[in-house]
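# Architecture at a glance
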Amino acid sequence: MWLAAAAPSLARRLLFLGPPPPPLLLLLLSRSSSRRRRLHSLGLAAMPEKRPFERLPADVSPINYSLCLKPDLLDFTFEGKLEAAAQVRQATNQIVMNCADIDIITASYAPEGDEEIHATGFNYQNEDEKVTLSFPSTLQTGTGTLKIDFVGELNDKMKGFYRSKYTTPSGEVRYAAVTQFEATDARRAFPCWDEPAIKATFDISLVVPKDRVALSNMNVIDRKPYPDDENLVEVKFARTPVMSTYLVAFVVGEYDFVETRSKDGVCVRVYTPVGKAEQGKFALEVAAKTLPFYKDYFNVPYPLPKIDLIAIADFAAGAMENWGLVTYRETALLIDPKNSCSSSRQWVALVVGHELAHQWFGNLVTMEWWTHLWLNEGFASWIEYLCVDHCFPEYDIWTQFVSADYTRAQELDALDNSHPIEVSVGHPSEVDEIFDAISYSKGASVIRMLHDYIGDKDFKKGMNMYLTKFQEKNAATEDLWESLENASGKPIAAVMNTWTKQMGFPLIYVEAEQVEDDRLLKLSQKKFCASGSYVGEDCPQWMVPITISTSEDPNQAKLKILMDKPEMNVVLKNVKPDQWVKLNLGTVGFYRTQYSSAMLESLLPGIRDLSLPPVDRLGLQNDLFSLARAGIISTVEVLKVMEAFVNEPNYTVWSDLSCNLGILSTLLSHTDFYEEIQEFVKDVFSPIGERLGWDPKPGEGHLDALLRGLVLGKLGKAGHKATLEEARRRFKDHVEGKQILSADLRSPVYLTVLKHGDGTTLDIMLKLHKQADMQEEKNRIERVLGATPLPDLIQKVLTFALSEEVRPQDTVSVIGGVAGGSKHGRKAAWKFIKDNWEELYNRYQGGFLISRLIKLSVEGFAVDKMAGEVKAFFESHPAPSAERTIQQCCENILLNAAWLKRDAESIHQYLLQRKASPPTV
């Protein structure tokens, strides 16, 4: 599954989030001991106790589900008939299954060759989402058929079997019936054994209006009139392979499609809203290239005859990898050749790559339990980049990975309230909590590090062994390590257990000494903490694959070592005194580096003259910024380094720099010198802005378009005079229809005119939103509305967020945009959430969108008492699936407050000093 919140780490990388939102993980840091005392005094240092939970008993299990569902698209109900071939492994007089929001009408069990036994009681355990069917006599061991007739509701919660609202080309509002089962919501569509390890085959039939499209995991094998109603048809689908319940899917609605065949003969279709088939062509092209790429990489064929990719109007996640029927948000699948921006194309390519990887890694071989969710998501989040790099080498996507996933994971994982990659999961409410940057982005980052440590050839060999051995079965993390160990001969389990079973990551401190013609390096590792130096008895240790490069060949590792102890000395042969030495070539190892001042001094010219590779320039800057946030070095030192990026040409390096300056701007919005940091932003971004200009030049490509949008948005938001004037001129021409803005310029222009606009500007923007036919354009506008500066207009935007004009899943980004737009917006958004909590919680309960809403809305605060206020509110308004997020947010607020107290004055003095004597560039 691709989380829209994370996808693809939008707040860090993609322009169309509009105002640098409070970045997804706005982790602003401080010193440790006093802060830890405050955490404990607020009760923030430990997660609450877990609810008691038991997995389903193993005495009865399914072999095959024969399932027929009949949704009513007007009354929003459905009828279901289940006939499950089951195996009684141990004699029992009851069958326990998962069941939620479903009413069972009748149930019976017929042992093979024997008489049917009717259940005499249905005991619903609603809290545990289970039902116990009681029988008057004992069910003996052997096979039989379990029959259940039931009814349910097509809910509006974007989970289970739910309704999705859409508008026909003629303007009529209608509803589709669609599914989202991961993690634990198949039980809302039919009673089942809803655990990933309890696999079975599925024979699915849907009874639907004859003018609707009906889709499921497999191809249609029969379509015939329904005897009781001439307006309905019964559509039967082929039997699935053995699979988990969370991957089952069905869709009933109105769609057009485009299709092709992959070079391996698989039928690929992209289903779009009616009249928008053209917008499915880009995703179709990506999918048709991707399937053969994965088949070759894994050396395992795609196991189904077809794959459908379908755009769903109301969809909570970014996408979901249902086997053979992948569901997407419209913005994650549809590309309009004229009106889609470059970042949207890139997003679609990554999401398609992610979900299709799951067809093997997750669907063919499935995690044994949710503890191993990271195997699914971390792996798919890594290989999606490998796939996009294959399809679109011009995207320089691996550099973007570092800014989008690697640094994002490190921000979260430096907190006391992080969690290990492998986390024990029990109750369903706990599963939603681990769909986060640790499972996805840290998971992807440690797999990237592992791939680099093993080498591509042995990695591919190990992957093939793993997929072949466990196909149609379930596996745990240890099973993957075993396969990779057998393929490579390296101690994979020993190394990787230090990365997956304990939370956090190391800070490697390095100092150097010239000894004749050699360089002696002294390395030491300690856990990196958002609050500064680790203070504790037993400091965790990691087995760290370390690469070392020098200025002799900045793109090649001079030495590779495995650091398996707290301290190490390393000798680099034949390194001249004037050559620099750098750790972590390519920013692949999942650690931060702190250099001695002499080593750092020697590296800084490599930023200015670009002799350091882009991904290393990015990593160096990001490490320094994080060290400053943690109070290990001064923030002023980092601002000085940022000024060295004046010649920087690389989009991703600028993107990361922009994000970090956004974090600092949010922090300093709590001071009376916010305008001074905006002057600094203008100084840093003006030269690149002037070089790029407003219009594409001949020979420019994808990354130039991304960079132009990023830089103009940054300058416009900061109030750069020439940028503001030109944005207003172009916006006027756009609105009047004289000269339509190119898709890549819309976000920065919209953001700029709103940030420095009035009520008229906001009204024009809302009108553009209403007129937009494309969801991407609606989302682009929704994400920048929060930039509006005036209190009454901010209130208008917040009211708009909950209106019918905004799709339920997009309300979160509107409110988040308000919180990230200004200091006043942050306060107003928090008040709005408190005032409307019941409606918001009811809309998103149990899903990760509630966590995202909380994170975006409160994490920018920087006053100690706000941490207590947030904690108190959620104690009286519990949100179980967001408990960890709330802890992290409160921790971040305290870290922000400490950072502000520690560095605000020195930052102010530095900015004043710059003003008095501007630096020469």
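Thresholds, definitions, all that
Residues numbered from 1 in each chain as written. Predicted model: local features only at pLDDT ≥ 70, side-chain atom pairs only at ≥ 80, totals over all residues. Heavy atoms only, no water. Helix = DSSP H or I, 4+ residues; strand = E, 2+ residues; numbered from the N terminus. Buried < 20%, exposed > 50% of the residue type's maximum accessible area, 1.4 Å probe, protein only. Areas by Shrake-Rupley, 256 points an atom, 1.4 Å probe, with all protein chains shown as cover. Lys, Arg positive; Asp, Glu negative; His and termini not counted. Charge placed at Lys NZ, Arg CZ, Asp CG, Glu CD. Pairing = 2+ DSSP bridges. Contact = heavy atoms within 4.5 Å. Axes fitted to C-alpha atoms, helices over the stretch in contact; angles between N-to-C directions. Arc of directions from axis to C-beta. pLDDT = per-residue confidence, 0-100. Domains from an automatic or database assignment. Buried area = accessible area lost by both parts, 1.4 Å probe. Expected span 1.5 Å × (residues − 1). Salt bridge = Lys/Arg side-chain N within 4 Å of Asp/Glu carboxyl O. Phe/Tyr/Trp six-rings, centres within 6.5 Å; stacked < 30°, edge-to-face > 60°. Lys NZ or Arg CZ within 6 Å of the ring centre and 35° of its normal.

### Some thoughts on the overall build of the chain
Of regular secondary structure, the chain possesses 29 helices and 29 strands. For the chain, the spread of C-alpha atoms along the principal axes amounts to about 90 × 65 × 60 Å. Burial status across the chain gives 66% buried among its 921 residues. For the chain, the accessible surface area stands at approximately 32000 Å², while carbon and sulfur atoms represent 50% of it. In the chain, 101 side chains carry a positive charge and 122 a negative one; their mean positions are 4 Å apart.

### Digging into the pairing of strand S25 (residues 544-550)
Burial within S25 is extensive, with 7 of its 7 residues counted as buried. Side chains Val 544, Ile 546, Ile 548 and Thr 550 of S25 all project onto a buried face; the interleaved residues Pro 545, Thr 547 and Ser 549 project onto the opposite face, where all are buried too. Relative to strand S26 (residues 559-563), S25 runs antiparallel, the two sharing 5 bridges. Bridge pairing in S26 links Pro 545 to Leu 562.

### Observations concerning the environment of Ala 628
Along the chain, Ala 628 falls in helix H14 (residues 614-629). Residues Ala 628 and Glu 355 lie 273 residues apart in sequence; the distance between their C-alpha atoms is 37 Å. What Ala 628 contacts, discounting residues up to four positions off in sequence, is Ile 633, Ser 634, Thr 635, Val 638, Trp 899, Arg 902 and Asp 903.

### Details of the sheet that holds strand S6 (residues 121-125)
Strands belonging to one sheet form pairs held by backbone hydrogen bonds; the direction of such a pair is parallel or antiparallel. With antiparallel pairing, 3 strands are arranged side by side in an open sheet as S3-S7-S6. In the strand order of this sheet, the two ends are held by strand S3 (92-98) and S6, each with one partner. Adjacent strand axes in the sheet meet at a mean angle of 25°, parallel and antiparallel pairs treated alike. Sheet topology places S6 next to strand S7 (residues 130-139); 5 bridges connect them, and they run antiparallel. Residue pairing for S7: Phe 122 is matched across the bridge by Leu 133.

### Looking at helix H26 (residues 837-844)
Buried within H26 we find Trp 837, Leu 840, Arg 843 and Tyr 844. For H26, the angular spread of the buried residues around the axis is 135°, confining them to a single face.

### So, the confidence of the model for the chain
Chain-level pLDDT for the chain is 91 on average; 94% of the residues reach the 70-or-more range. Under a pLDDT of 50 for its full length, residues 4-43 has, in the predicted model, 160 contacts with residues more than four places off or in other chains.

### Some points on the domain arrangement of the chain
As assigned here, the chain comprises domain 1 (55-253), domain 2 (254-367), domain 3 (368-501) and domain 4 (640-916). Between the C-alpha centres of domain 1 and domain 2 there is a distance of 26 Å. Summed over both partners, the interface of domain 1 with domain 2 buries about 2500 Å², with 62% contributed by carbon and sulfur atoms. For the domain 1 face of the interface with domain 2, the top three residues by lost area are Met 158, Leu 215 and Leu 247, together amounting to 20%.

### Things to note about the sheet that holds strand S8 (residues 142-153)
Read from one edge of the open sheet, 8 strands run S5-S4-S8-S2-S1-S11-S14-S13, paired in mixed fashion. Single-partner strands in this sheet number two, and they are strand S5 (117-118) and strand S13 (220-225). As judged from the 12 bridges shared by strand S2 (residues 77-88) and S8, these two strands associate in the antiparallel manner. Opposite Lys 81, over in S8, you have Asp 149 as the bridge partner.

### A word on helix H9 (residues 456-470)
Taking 1.5 Å per residue as the helical rise, H9 with its 15 residues ought to reach 21 Å, and the 21 Å between its terminal C-alpha atoms agrees with that figure. Listed in full, the buried residues belonging to H9 are Phe 459, Gly 462, Met 463, Tyr 466, Leu 467 and Phe 470. Down the axis of H9, the buried set is contained in an arc of 130°. They therefore lie on one face. Those residues of H9 that are buried are in contact with helix H3 (281-298), helix H5 (373-391), helix H8 (438-454), strand S22 (474-475) and helix H10 (477-488). Residue Glu 472 follows H9 closely and has a positive phi angle near 65°.

### A short note on the pattern of salt bridges
Applying the stated criterion to the full structure yields 59 salt bridges. Arg 329 is the salt-bridge partner of Asp 810, the closest N and O atoms lying 3.4 Å from each other. With Asp 810 in the loop between helix H23 (791-801) and helix H24 (811-821) and Arg 329 in strand S20 (residues 325-329), this pair connects stretches of sequence that are 481 residues apart. For Asp 810, a relative accessible area of 2% puts it in the buried group. Of the residues examined, Arg 329 reaches a relative accessible area of 5% and is grouped as buried. Counted as one network, the salt bridges with shared partners bring together Asp 101, Glu 129, Asp 185, Arg 187, Arg 188 and Asp 194.

### Remarks on the packing of aromatic side chains
Two measures describe an aromatic ring pair: the distance that separates the ring centres and the angle between the ring planes. All chains considered together, the criterion is met by 46 aromatic pairs. Where Phe 298 meets Trp 360, the ring centres are 5.7 Å apart and the plane angle is 45°; that geometry is what we call tilted. Residue Phe 298 is found in helix H3, and its partner Trp 360 is found in the loop between helix H4 (342-358) and strand S21 (366-367); the two are separated by 62 residues along the sequence. For the pair Phe 298 and Trp 360, one class covers both residues: buried. Measuring from ring centre to ring centre gives 5.6 Å for Trp 837 and Tyr 841, while their planes differ by 25°; the resulting arrangement is stacked. Here Tyr 841 and Trp 837 lie together in helix H26, a separation of 4 residues that amounts to about one turn. In this structure, Lys 130 packs its charged tip against the face of Phe 53, placed 5.4 Å from the ring centre. When the ring centre of Phe 257 is taken as origin, the NZ or CZ atom of Arg 269, which lies over that ring, is 4.0 Å away.

### Looking at unusual backbone geometry
Cis geometry marks the peptide bond from Glu 182 to Ala 183; its omega dihedral reads 10°. Take Ala 183: it is sitting in the loop between strand S10 (173-180) and strand S11 (201-209). Even without being glycine, Glu 472 reaches a positive phi, approximately 65°. Structurally, Glu 472 can be placed in the loop between H9 and S22. Take Glu 472: its relative accessible area is 36%, and that puts it in the partly exposed class.

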